[in-house]
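Observations on the model geometry
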Amino acid sequence: KGKPPLGLERTPREFIRALSEHLRAVRRVLKDKGSFFLNIGDTYRVGENFLIPSRLLLNLCDNEGWYYVNEIIWQKSTGVPQGKTKRLQPIYEKVYHLVKDPNKYYYEEFKNWKESDEIKLTRMSGNRSAKSKEKGQGGFVLSKTYERFRDFLDEQKVKNVIHGSTASIRQMELKKIDFTVDHVALMPAYLPIIPILTTSREGDIVLDPFSGSGTTGKTALMLGRKYIGY
């Protein structure tokens with residue numbers, strides 16, 4: 001009968017093994033300066049949480065050569081109804097930031113320039129001499145006040161939480177194209193923005209190995225990147 005389609009394995013262990021094997025091709029083509037972001041939610045059955053995201057992350061780092069950089073929390077304004085369950089309703093998913101070389105991956109801190117503040121002429125700090133330990137005078141530079149990007153569109157002052165609505169609008173867009181479409185794992189277009197902006201430059205290639213409705217590709221092209229999806 002062969003292997004079952006990815007995601008239909010009989011046990012959590014078989015699923016983690018199959019997904020890890022699938023991601024080996026991603027690591028193979030990823031540049032040393034590149035980053036890989038993986039969004040995966042919890043799996044429940046008969047009241048039990050299988051800890052799929054945590055087990056997968058450990059396997060990728062322990063056995064597949066990935067390095068774990070950061071964890072982003074995607075907090076949804078509305079969660080999926082769970083029915084009668086003996087647990088609180090989950091309203092967030094995790095996005096893991098992984099790299100193949102922790103010393104070489106590219107990262108550009110996103111800065112939010114304040115439009116209300118004027119550009120000012122300020123003096124650059126000079127180099128400090130190691131012998132005399134006197135601070136020399138530098139030249140002048142134009143500067144403008146900015147805030148480091150700690151959230152999504154200034155909605156909350158946190159560093160690694162993206163808050164927003166679910167992808168119900170994307171579902172409506174797909175229905176207009178094909179009313180029979182019922183995508184079970186739609187992603188909102190705002191979710192890939194921060195990963196793309198902080199870990200790539202304009203003209204870089206964004207790869208999505210789980211390209212369903214093309215949300216990542218749409219966002220990547222909008223941000224001036226190239227896109228490959230399958």
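Worth saying up front: this structure is predicted, and the values here are computed from it rather than measured.

A tally of regular secondary structure across the chain gives 6 helices and 12 strands. Taken across its 230 residues, the chain has 30% of its residues classed as buried. A sequence separation of at least 24 residues applies to 58% of the contacts in the chain between residues at least 6 apart. For the chain, the exposed area adds up to about 15800 Å²; of that, 53% sits on carbon and sulfur atoms.

Here helix 3 (residues 52-63) is 12 residues long and its end C-alpha atoms lie 16 Å apart, about the 16 Å a rise of 1.5 Å per residue gives. Taken together, the buried residues of helix 3 touch helix 1 (12-22), strand 1 (36-40), strand 4 (67-76) and strand 5 (92-99). Of the residues flanking the end of helix 3, it is glycine 65, one or two places downstream, whose phi is positive at about 85 degrees.

Quick look at the pairing of strand 1 now. Regular strands place side chains that alternate from one sheet face to the opposite one. Where burial is concerned, the two faces of strand 1 differ: the one with Phe36, Leu38 and Ile40 is buried and the one with Phe37 and Asn39 is not. As judged from the 5 bridges shared by strand 1 and strand 5, these two strands associate in the antiparallel manner. Bridging across to strand 5, isoleucine 40 finds its partner in lysine 94.

For the rest of this paragraph, the subject is the side chain of serine 200. Counting through the fold element by element, serine 200 comes out in the loop between helix 5 (193-199) and strand 11 (205-208). One polar contact links the side chain of serine 200 to the main-chain carbonyl oxygen of isoleucine 196, over a distance of 2.5 Å.

Enumeration over the complete set of coordinates arrives at 1 cavity of 30 Å³ or more. Reported here for the largest cavity is a volume of approximately 30 Å³. Around the largest cavity, the lining residues are Ile40, Gly41, Asp42, Pro53, Tyr92, Glu93 and Lys94. Counting residues per element, the lining of the largest cavity draws most heavily on strand 5, which supplies 3 residues. Across the lining of the largest cavity, the residue classes break down as 3 nonpolar, 1 polar and 3 charged.

Turning to its location among the elements, glutamate 93 is positioned in strand 5. Polar side-chain contacts of glutamate 93 include one of 3.1 Å to the side chain of asparagine 39. Setting aside residues no more than four positions away along its own chain, glutamate 93 makes contact with Asn39, Ile40, Gly41, Ile72, Ile73, Trp74 and Lys76.

Time to look at the pairing of strand 11. Only one face of strand 11 is buried, namely the one carrying Val206 and Asp208, since none of Ile205 and Leu207 on the opposite face is buried. Note on the crossover from strand 11 through helix 6 (residues 215-222) to strand 12 (residues 226-229): the handedness is right-handed.

Once that is clear, we can look at unusual backbone geometry. Excluding glycine, residues mostly carry a negative phi; peptide bonds, for their part, are mostly trans. Even without being a glycine, valine 46 presents a positive backbone phi close to 55 degrees. Within the fold, valine 46 resides in the loop between strand 2 (44-45) and strand 3 (48-49). In the Ramachandran plot, leucine 51 falls in the positive-phi region, its phi being about 60 degrees despite a non-glycine side chain. Assignment of secondary structure puts leucine 51 in the loop between strand 3 and helix 3. By relative accessible area, leucine 51 is classed as partly exposed at 44%.

Turning to a nonpolar patch on the surface, a few remarks are in order. On the surface, a nonpolar cluster with roughly 470 Å² of combined accessible area is contributed by Val29, Ile205, Leu207, Ile228 and Tyr230. Here leucine 207 is to be found in strand 11.

What counts, and where the lines are drawn
- Here the residue numbering is sequential within each chain, running from 1 through the sequence in written order.
- It should be noted that, the model being predicted, local features are given only for residues of pLDDT at least 70 and side-chain atom pairs only at 80 or more, the latter also being counted only at that level, while totals for whole chains, interfaces and linings use all residues.
- Note that the side-chain values use all heavy atoms of the structure and ignore hydrogens as well as water.
- A run of H or I in DSSP becomes a helix once it reaches four residues, and a run of E becomes a strand once it reaches two; helices and strands are each numbered from the N terminus.
- Buried means the residue's accessible area, taken with a 1.4 Å probe over protein chains only, is under 20% of the maximum for its type, while exposed means over 50%, and partly exposed covers the values in between.
- By the convention used here, residues are in contact when the closest approach between their heavy atoms is within 4.5 Å.
- Values of accessible area rely on a 1.4 Å probe in the Shrake-Rupley scheme; residue burial ignores everything except the protein chains shown.
- In this scheme, a helix's expected span is set at 1.5 Å multiplied by one less than its residue total.
- Pairing between strands is defined by DSSP: at least two bridges between the two strands are required.
- Any N or O atom pair separated by 3.5 Å or less is treated as a polar contact, with the protein-specific requirement of one donor-capable and one acceptor-capable atom, and with residues adjacent in sequence counted only for side-chain atom pairs.
- Put plainly, a pocket is an open set of points on a 1 Å grid over the protein atoms alone with protein on both sides within 12 Å along at least five of seven lines, a cavity is a set where a 1.4 Å probe fits but cannot get out, and a lining residue has an atom within 4 Å of a point.
- Grid points are joined across faces, edges and corners, and a volume is the space filled by probe spheres set on the points.
- Each residue gets one of three labels, nonpolar for Ala, Val, Leu, Ile, Met, Phe, Trp, Tyr, Cys and Pro, charged for Asp, Glu, Lys and Arg, and polar for the others, Gly among them.
- When the strands point away from the viewer and the path from the first strand over the helix to the second turns clockwise, the crossover is right-handed.
- To count toward a patch, a residue needs a relative accessible area above 30% and no salt bridge. Like charges then connect within 9 Å, nonpolar side chains (Val, Leu, Ile, Met, Phe, Trp, Tyr) within 5 Å.
- For this document, the term salt bridge refers to a Lys or Arg side-chain nitrogen within 4 Å of an Asp or Glu carboxyl oxygen.

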